Amino acid sequence: MKISIFNLFMIFSIALQSYAQNNYKWFDETLPFEERADLLIEAMTLKEKVAQFLNETPAIPRLGVPEYNWWNESLHGIARNGKATIFPQGIAMGATFNPDLIQEMTTAISDEGRAKFKIAQAMNNKGLYAGLTFWSPNVNIFRDPRWGRGQETYGEDPFLTSKIGVAYVKGLQGNDSKYFKATACAKHFAVHSGPEELRHSFNASPSKLDLYETYLPAFEALVKEGNVQGVMGAYNAVYGDPSCSSEFLLDELLKKQWGFNGYIVSDCGALGDILKGHKKAKTVEEAVALAMNAGVNLNCGWVYQNIQSAIDQNLITEELVNERLKQLFLIRFKLGFFDKAESNPFNNVTSEVINSDEHKDLARKVAQQSIVLLKNKDNILPLDKNIKTLYITGPFSSSSNILMANYYGMSANLVTVLEGVTDKVSLGTSLNYRQGVLPFNKNLNPLNWAPKVAGQVEATIVVVGISNEIEGEEVDAIASEHKGDRKDLKLPQSQIDYIKELCEHKKGPIILVLGTGSPVSLEEVEPLVDAVVCMWYPGEQGGNAVADVLFGDVAPSGHLPITFPKNVDQLPAFDDYSMKGRTYKYMEKEPMYPFGFGLTYGQTEFSNASGYLKSISKKQDFSFSVDIKNTSKVNFEDVIQVYLVPEDTQGFLPKYSLKAFKRVELLAGETKNISFNISNQDFYQTNLKGEKAWIKGNYKLMIGNALPSKRSLKLGAAKPIEITIKLK
């Protein structure tokens, strides 16, 4: 029998690895990971070391080091790696206001990740997207609705983003005292939120106030509270230094002030931007030195191919190489890559978890809790399942693409809105469907019967939106003329015109279902339709979740994690990173839909708030309670929100600051007393120097189920209740 050279090589490599595992101390599981990493690095040649700094790392058979690719994605499910459960997009996770549910979701994601990793390893698939070092979550602040990647975030508020982000990390990384189930990576550090076209050369110079009040808190929370093991440096520069060579960001803030002890990875190609986009280095070796000295451990890209040359030119030392490499191997040790499979409890997971019925049910639950009811004229919703005639139409009514967003996995269980509604209504319902309009362009055929069908039915559901073809990363949004960003906030004109035609012919109510990852201006069409339901990019079970809400099996309970402006004219310049005029905290103009807003099929009433006229001193927490009553005959869940509102903003304090929230289940007619504790630290606010300060004065704590604004009340939110306090 002939044996190929390749097979001989494989046999030889396996033999070497077996020898290493039986003879080298770094495989001794009784030793601390730190010591094992030191022993391994000490045994490596310099040539072997420098080859380990790119995301695709080669094996070192003589030392038992396996090949590994660090680049993996899990934004809302295992991505780009075959079959996996597709959960709702990040912005939808923010709309749940439910960190516990998101931690449950990411526990499921990491279960699938572990199972898929075991199978991939068994078939010797050690390539791209098949590992356990996931480059998620995206905790950048969605400061401008035009940013195409804002859909990946948890919205515009640092507090909400921190809570959802920490929950994401905890679920993904697991709770074992020795091993990680997988590792998360907070990205993109820092001050990154578009425009996509400028990200490789743009320099952000925010005020110290904005930096510490808005752009950094979520990253700090993920490090200090979530123990996140990875941080990804951004493409853009901050205060003149590229993020991936900024000693201020990576060394002073991340490591020294926050105590980060994980690994730092560049965004893909970002080290090349030090040289080409930002022009902060004249040679690639200088770019290597700038990044490595600042703290970058791993290069997604090509620049770290030149580490040896940088050493030869005395720009960096082998000692620095050892220091940066140790952190990478510590991650691999903590994932159990050098230990017996039975030693790591997370290896007990089996392939049955991958896209299991349990995980599909969980995806449906997350989608249900993320759906936001924005309008419900005359309580048109919920619809009756026994409706006699019903029409579903719109460019995304039968679209699976609208479910998936970006950075998605693959599933054989994608449920469109058409399919979800079809499965929900009575078998006797005369259900009609026509797409009616192209998503982004006018119909080529001038003849179109679809609008007229709205005049023949009891109700019409029209599913519109934008999708990942219009908004996303610069290299992915193939229908975008602006490299993934949006020039305005309107729906495509073809969809606006079609909605108007439907309304001209309608017999019964028009229910508009909106698929989007960002705020959409509905100025032209909102007055014409009877109900507006925002489903976001709802994942593989999105169609079922939408049908659950439309027909009342589940009352809507999502709340907006980002302000919906009336139009693009309400926004500052896209490339202006000042927070003035942005988000619910600083916006002066009346929005279309405020942050935190979301209707349901009943009404919440607040009363009996404890703690009036309290004076609070430094080091003093403040506890209070409030009665919440469901005044309707419908069971529902609501999100109770607590905002700090200063009597005098002094020209720089936020008009409102979210300080606490709770998702509460209320049965029909039920009253609950809900308690909150606002810690002393939560009363500290950022001053103009970027410092946390105790700023004396009169404040209100306003408790409601939306931003406590006149606009929220006008749209149907509950009247908030106030507690007057004084910081002294």
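Per chain, residues are indexed from 1 in the order of the written sequence. For a predicted model such as this one, the threshold for reporting local features is a pLDDT of at least 70, and the threshold for listing and counting side-chain atom pairs is 80 or more; totals across whole chains, interfaces and linings nevertheless cover every residue. Working from all heavy atoms in the structure, the side-chain values ignore hydrogens and water.

(A) Representation of the overall build of the chain in the model. The helix and strand labels rest on DSSP assignments: H or I over at least four residues marks a helix, E over at least two residues marks a strand, and numbering proceeds from the N terminus. Scanning the chain from N- to C-terminus turns up 21 helices and 24 strands. Using C-alpha atoms as the atom set, the radius of gyration is obtained and then compared with a globule rule of 2.2 Å times the number of residues to the power 0.38. For a compact globule of 728 residues, the expected C-alpha radius of gyration is about 27 Å, and the chain comes in at 27 Å, within 12% of that figure. Considering only C-alpha atoms, the chain reaches an extent of 75 × 75 × 45 Å along its principal axes. Here the term buried applies to any residue with accessible area under 20% of the maximum for its type, exposed to any over 50%, and partly exposed to those in between, with areas from a 1.4 Å probe on protein chains only. Scored against the burial criterion, the 728 residues of the chain give a buried share of 63%.

(B) The pairing of strand 14 (residues 531-534), seen in detail. Where burial is concerned, the two faces of strand 14 agree: the one with A531 and V533 and the one with V532 and C534 are both buried. Strands qualify as paired when DSSP identifies two bridges or more between them. Pairing of strand 9 (residues 372-376) with strand 14, which is carried by 4 bridges, proceeds in the antiparallel orientation. When the bridges of strand 14 are listed, K375 appears paired with V532. Two elements, strand 13 (residues 510-515) and strand 14, share 4 bridges in a ladder whose sense is parallel. Bridging across to strand 14, L512 finds its partner in V532.

(C) Local environment of the packing of aromatic side chains. Paired rings are identified among Phe, Tyr and Trp, the last through its six-membered ring, by centres lying within 6.5 Å, and are further divided according to the angle between planes into stacked (under 30 degrees), edge-to-face (over 60) and tilted (the rest). Taken as a whole and judged by the stated rule, the model has 33 aromatic pairs. Where Y684 meets W694, the ring centres are 5.3 Å apart and the plane angle is 65°; that geometry is what we call edge-to-face. With Y684 in the loop between strand 20 (671-678) and strand 21 (685-686) and W694 in the loop between strand 22 (692-693) and strand 23 (697-704), the pair connects residues that are 10 residues apart, well separated along the chain. Its relative accessible area of 17% is what places Y684 among the buried residues. The class for W694 is buried, based on a relative accessible area of 10%. In this structure an aromatic cluster arises from ring pairing among Y24, W26, F27, F33, Y179, F329, F333 and F338.

(D) Spatial organisation of the pattern of salt bridges. Salt bridge, as applied in this entry: a Lys or Arg side-chain nitrogen positioned within 4 Å of an Asp or Glu carboxyl oxygen. Counting across every chain of the model gives 33 salt bridges. Where R149 meets E473, a salt bridge forms, and the shortest distance between an N and an O atom there is 3.1 Å. Of this pair, R149 sits in the loop between helix 5 (99-122) and helix 6 (158-173) while E473 sits in the loop between strand 12 (459-465) and helix 18 (493-505), and the two are 324 residues apart along the sequence. In this structure, E220 engages K224 in a salt bridge whose closest nitrogen and oxygen atoms are separated by 2.7 Å. Pair noted here: E220 and K224 are both in helix 8 (residues 217-224), with a separation of 4 residues, about one helical turn.

(E) Inspection of the packing of helix 2 (residues 33-43) against helix 13 (residues 318-334) at higher detail. Running from N to C, helix 2 and helix 13 point in directions that differ by 125°, and their axes come no closer than 9 Å. With respect to each other, helix 2 and helix 13 are oriented oblique. Handedness of the crossing formed by helix 2 with helix 13: right-handed. Contacts between helix 2 and helix 13 involve F33, E34, R36, A37, D38, L40 and I41 on the former and, on the latter, N322, L325, K326, F329, L330, F333 and K334. Between the N-to-C directions of two axes lies an angle of 0 to 180 degrees, each axis being a line fitted to C-alpha atoms and, for a helix, fitted only over the stretch in contact. For classification purposes, an angle smaller than 35 degrees is called roughly parallel, one larger than 145 roughly antiparallel, one from 65 to 115 roughly perpendicular, and anything else oblique. Here a crossing is taken to be left-handed if its near helix is turned anticlockwise relative to the far helix by less than a right angle, and right-handed if that turn runs clockwise. The contact criterion used throughout is that any non-hydrogen atoms of two residues lie within 4.5 Å.

(F) Quick look at the environment of E156. Along the polypeptide, E156 turns up in the loop between helix 5 and helix 6. In this structure E156 comes out as buried when scored by relative accessible area, which is 4%. Along the primary structure E156 and I562 are separated by 406 residues, whereas in three dimensions their C-alpha atoms are 5.2 Å apart. If sequence neighbours within four positions are ignored, E156 has contacts with I141, F142, P561, I562, T563, T583, Y584 and F595. Polar contact is defined as a pair of N or O atoms within 3.5 Å, subject to the rule that within protein one atom must be able to donate a hydrogen and the other to accept it, and that residues adjacent in sequence are counted only when both atoms are side-chain atoms. In terms of polar contacts, E156 uses its side chain to reach the side chain of T563, at 2.8 Å. At a separation of 2.9 Å, a polar atom in the side chain of E156 contacts the main-chain amide nitrogen of Y584.

(G) Local environment of the sheet that holds strand 20. On the basis of which strands lie adjacent, the open sheet formed by 3 strands has the order 15-17-20 and antiparallel pairing. Two strands close off the open sheet at either side, each with one partner strand: strand 15 (604-607) and strand 20. Neighbour-to-neighbour, the strand axes of the sheet open up by a mean angle of 30°, direction not taken into account. Of the pairings in the sheet, the one linking strand 17 (residues 622-630) to strand 20 comprises 8 bridges and is antiparallel in character. Across the sheet, residue K629 finds its bridge partner in strand 20, namely T671.

(H) Layout of the state of the cysteines. When two cysteine sulfur atoms are found within 2.5 Å, that pair is recorded as a disulfide. Throughout the structure, instances matching the rule amount to 1 disulfide. A sulfur-sulfur separation of 2.1 Å characterises the disulfide bridge that pairs C268 with C300. When the S-S torsion is 90°, as for the bridge of C268 with C300, the disulfide is right-handed. Separated by 32 residues along the polypeptide, C268 in the loop between strand 8 (263-266) and helix 10 (270-275) and C300 in the loop between helix 11 (284-294) and helix 12 (307-312) bring together distant segments of the chain. Residue classification places C300 among the buried positions, given a relative accessible area of 2%. The structure places no disulfide on C185, whose sulfur is separated from the nearest cysteine sulfur, that of C268, by 10 Å.

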